Structures are given as structure tokens and as C-alpha cells.
Amino acid sequence: MKPRGWKELKPGAVVTEPGSAEKFKTGSWRAFRPRWIEENCIQCMFCWAYCPDMAVRAKDGKRGEFNYDYCKGCGICALECPGKKGKKAIVMEEEGK
Amino acid sequence: MARVVAVTGNEAVAEAMRQVNPDVCAAYPITPATDIMQRFTGFVSNGKVKTEMVLVESEHSAMSACVGASAAGGRVATATSSQGLALMWEELFIASGTRLPIIMTLVNRALSAPLNIHGDHSDGMGARDCGWIQLWSENAQEAYDNMIQSFRIAEHMDIRMPAMVCLDGFIISHSIERMEYLDDAVVKNFIGEFKQLNPLLDIEHPVSYGPLILTDLYMEYRRAHAEVMSKVSQVVLDVAQDFEKISGRKYGLFETYRLDDAEIGLVILNSAAGTSKDAVDVFRDKGIKAGLLKPRLYRPFPYEEIGEALKHLKAVCVLDRADAFGASYGPLFMDIASGIYPYKDRPLLINKIYGLGGRDYMPEHAELVLAELAEVAKTGRVKTFKEYIGVRE
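Owing to the predicted nature of the structure, the values given are computational and were not obtained by experimental measurement.

Scoring rules and cut-offs
Residues numbered from 1 in each chain as written. Chains lettered and ligands numbered in written order. Predicted model: local features only at pLDDT ≥ 70, side-chain atom pairs only at ≥ 80, totals over all residues. Heavy atoms only, no water. Salt bridge = Lys/Arg side-chain N within 4 Å of Asp/Glu carboxyl O. Helix = DSSP H or I, 4+ residues; strand = E, 2+ residues; numbered from the N terminus. Buried < 20%, exposed > 50% of the residue type's maximum accessible area, 1.4 Å probe, protein only. Disulfide = S-S within 2.5 Å. Axes fitted to C-alpha atoms, helices over the stretch in contact; angles between N-to-C directions. Parallel < 35°, antiparallel > 145°, perpendicular 65-115°, else oblique. Left-handed = near helix turned anticlockwise from the far one by under 90°. Contact = heavy atoms within 4.5 Å. Nonpolar A, V, L, I, M, F, W, Y, C, P; charged D, E, K, R; others polar. Buried area = accessible area lost by both parts, 1.4 Å probe. Polar contact = N/O pair within 3.5 Å; in protein donor to acceptor, adjacent residues only side chain to side chain.

*Asks:* Sorry, what's going on with the pattern of salt bridges here?
*Replies:* Side chains bearing opposite charge may pair, as long as their charged atoms lie close to each other. Residue and element names in this part refer to chain B. Under the criterion given, the structure shown has 33 salt bridges over all chains. Across the pair Lys352 and Glu387 runs a salt bridge whose closest N-O atoms are separated by 2.6 Å. Of this pair, Lys352 sits in strand β14 (residues 348-353) while Glu387 sits in strand β15 (residues 386-388), and the two are 35 residues apart along the sequence. For Lys352, a relative accessible area of 1% translates into the label buried.

*Asks:* Just checking my understanding: could you explain the state of the cysteines for this structure?
*Replies:* All names here are of chain A. Enumeration over the complete set of coordinates arrives at 0 disulfides over all chains. No disulfide involves Cys74; its sulfur sits 6.2 Å from that of Cys77, the nearest cysteine. Accessibility expressed as a relative area gives 52% for Cys74, which makes it exposed.

*Asks:* Which parts of the structure should I look at to understand the packing of helix α1 (residues 9-20) of chain B against helix α2 (residues 34-45) of chain B?
*Replies:* Between two packed helices, the angle of one axis relative to the other and the distance separating the axes together describe the packing. All names here are of chain B. Axis separation between α1 and α2 bottoms out at 8 Å; the angle between their running directions is 40°. Classified by the angle their axes make, α1 and α2 are oblique. As for the relative orientation of α1 and α2, their crossing is right-handed in sense. Taking contact as the criterion, the partners of Asn10, Glu11, Val13, Ala14, Glu15, Met17 and Arg18 in α1 are, on α2, Asp35, Ile36, Met37, Arg39, Phe40 and Phe43. Residues belonging to the contact of α1 with α2 are distributed by class as follows: 7 nonpolar, 1 polar and 5 charged.

*Asks:* Help me understand the interface of chain B and chain A, please; the structure alone is not making it clear to me.
*Replies:* The interface is formed by 17 residues belonging to chain B together with 12 residues belonging to chain A. Across the chain B/chain A interface, buried area totals approximately 1300 Å², and carbon plus sulfur atoms make up 70% of it. In this assembly, chain B and chain A are joined by 0 salt bridges. Taken together, the connections running from chain B to chain A amount to 1 residue pair in polar contact (both at pLDDT 80 or more). Looking at the side of chain B that touches chain A element by element, the count peaks at 5 residues for helix α9 (residues 218-247) of chain B. For the side of chain B that touches chain A, the residue count by class is 9 nonpolar, 4 polar and 4 charged.

*Asks:* Would you mind going over the environment of Arg296 of chain B with me for this structure?
*Replies:* All names here are of chain B. Within the fold, Arg296 resides in the loop between β11 (290-295) and β12 (297-299). Sequence separation between Arg296 and Met147 is 149 residues, and the spatial gap between their C-alpha atoms is 12 Å. When neighbours within four sequence positions are excluded, Arg296 is seen to be in contact with Gln134, Leu135, Trp136, Asn146, Gln149, Val236, Tyr251, Gly252, Leu253 and Phe254.

*Asks:* Would you explain unusual backbone geometry in this entry?
*Replies:* What is expected of a backbone is that most residues other than glycine have negative phi and most peptide bonds are trans. Residues and elements named next belong to chain B. The omega torsion across Thr31 and Pro32 is 0°, close enough to zero to call that bond cis. For Pro32, the location among the structural elements is in the loop between β2 (24-27) and α2. Although it is not a glycine, Arg99 adopts a positive phi angle of roughly 60°. Structurally, Arg99 can be placed in the loop between α5 (89-97) and β5 (103-108).

Taken by themselves, the reported measurements are silent on function.
Structure, rendered in C-alpha cells:
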């Protein structure tokens, strides 16, 4: 998107488009990337509930893949994940490795 | 028919607010502005206005509540003085940066310390660059007239900026003068219905206020703010023209008094301008071409128009009722100096600091200044560029 000039701004920086935060992709902030290991997942949905953004996709009560456009790599999902039999269903891996 | 009344400046401001009937007022008492909101809350209690009156715990909260109410989509007004304005500091910038047309009466009072409750412009001068429009008033009539005009100016769709109406503490706020009130219906018709812009309470069109704007856009927002300020002068003149039709009283960006053919002149704000005009008359009677300029729209400051009005003079004294510690000259002086700077032939400029903390400014003070200016004009030499008048050694 072309950066806006000063003549194109809404008065008072008011945001008039509801839900426009969706357009602001924050995935590039990430230094660590969560990886979902489906065979260790018990579908508790803790990751979905704890994610401070909306980076854990869910459909019909089932967990889906991460949405890396918004995942900032905070690692809360991996911390909260109870896993199965001592094996985590989410692990954090350094980006670019 | 206009009503001729004998009232204090605060009473006149409260009456203007009653006639405007704002949606929300949030205020906290502080001398000498207390009297305005005290009278206004009386109107609220007696059902004379439909205003939602919010009595808050501090001026910080007062301006915060005004910001919220204005963003919600209401016509909002408040009043304060001195330390109260100082406590509002961060919200002043939020109100202007968010483009909320809040109207605030500022009854000018000295800042602590030492603690002083009297007339002084230090409070308003401190807030001169916070993005608000400032209209200054010589007397109760001007304060009343500025109040009514300020709603039209601030709420203009090209402007949408908060505005302060300034009047001198005690000297005007608590002194009784003869003045004229407009009819309620005339005021109501003049200010018109409040037009909302992106109101928070319009749930059909949800909006967000106060987003984080970082390095990629902040400077553009500031540039846009400056552009809006550059349009204020014309709106002030247009509104003044309409106001003249309902009141017979003429207003501009500033007032000139016997200035057209003057060789020496005084520049002075608010109530002391009245005293100074008498001194100008005394000098005119002596055959000395003296004049006066009294700024009305102080922010945005009409540099070009004031420079044009003063450039033909030989010597000018700018009188400041506020000092600017560390800046050497008073704040009004610095603005006037900027206004005349572009002209190759320009008057010699001197600065006097007067009337701090309500110290009396007497006709003889003005006459001494005019006598000094006559000497400067004759010799072309300035002995002292900045001095304090009416102060004991």
C-alpha cells in the first residue's frame, strides 16, 4: 500500500473502518515461530483462547493451522499447551533456521 | 431586542453558555473561573438548560470527560484558570490532535509559585501552542461575544478544533460592566444545530478514536493540523461578519485604535488595552501620533495581517502580562517581532512586562511608555529593549 500523504488523512486520526486492524499484518515482528504438532494435540483449545492476537485458526470447535500473518511469535501458546503424555503440541523454533 | 445589563465578565460568559445550551459540561472549580460554572450549574439545576453536567475530581478529569463527550458526538464546554489549565495540559493536546471542537473559557490568572489568584496571562501563554484556537477579550461584552462566536468557529466543518476564550481574571471576571445580551432565539439561530463528525455513539457507523500513529504517519498528522490552523483566520472573519448582522458589533482578527496614521504604537492584550486607549487619546491631544493594536485571534496568530498593520510605524512597544523566563522577551513580543520581521523598513520594537499577578496597570504607565516611544521614534535609538514596569526596585 502506498504511504498516505498529509492531505489524505481522516481528521483527528479517527479510524472509520470497523475491523480494519485485520489489514495490519504483524507477522514480520516474529523472531520465534510456533510449530503445531498435530499428533500431540488434544484439542483443548488453550492456544486459541490464550493467543493475544487471532493467530490460531479454529473451525467447528477444532484447532487449525497457525495464521502466520498475525502471529508475533510471543510463545504464549507453546507455554500454555498441555500436550499429550508429556509431549508438547506447540514448539517454538527460531525464524530463519 | 437586545437586553442592556450590568453584569460581571463571569456572569456574561455563564449567560452565553446558557443560551448555547451545550450537551455536556465537565468542570472543576478554580478561582477566578469558579463563578462561571457555579452560575451554570444553577441553570442546570433549575432546568434552564438540558446540559449533562459532570462534576469531576480535577481539571485533568474535566478535560478528559470533555474529550470523551465530544468524541461521543456532543457539543461540549468548560471553564478553567491557571493551575486548572496546567493540570489539563496533556488533554489539551489530545483534544486538539483529535480535532474535537470543545469550547473552554480561560479566565486568565497567574501561575504558582508564589501562589496568586489574580489576573495574569501566564496560563494562556503557556498553552498557546497546544493546537487550540485562542480568542482574547478586553471586557465582558467581548468575552460574551467571543463565546458565542467561538462555537461557530470551532465547529466549522473545515476547522473542528477546540477553542479557548480568554478574559482577565478579576479585572473582567469579577467587575460589573454595562453590556448587551442577545436574545436567546437569536443566539440559538446563530450557532445552529451541532453537527457531529464521526461520533462514537453512532453505533451504525462504528469508529475508533486515539490510534497509535508512529513514525510512518505522525508527521503527516501534524502537517494536516497546521493546514487546518491556516484556515482559521478566514472562518473567524466570516463568523464575525455574520455576528455583526445580529449584534451590530464589529470584530476582526485584531482591533486597531487610531493606528492608520500613527507613528508610535502599543500592542497589548485584553483589559489593559482599554486603559491604553485612553493614554493614546492623551497623546493624540498633544499632537503626537499614537495608536494601538489589540490582538483578538491570538492562536493561530495572524502574523501577516498584524505585520501589515504595524509596518508603517516608527516605534512600537509590546506589553506582555506574562514573562517568558529564559526567552528574554515576553511571548506577545516574540510573535509581534516575527510578524514585522519580513519587512525591510520596520518599526523599532521594545518590550515591557506589566501587571503580573494582578498588579495594577495605570494610565500613567501607558503614558510613560508612549513618552519613551516618542523619544525612540525621534532619535531612532533604543536604550533598553526589555523592561518591567510598575515594579519596585
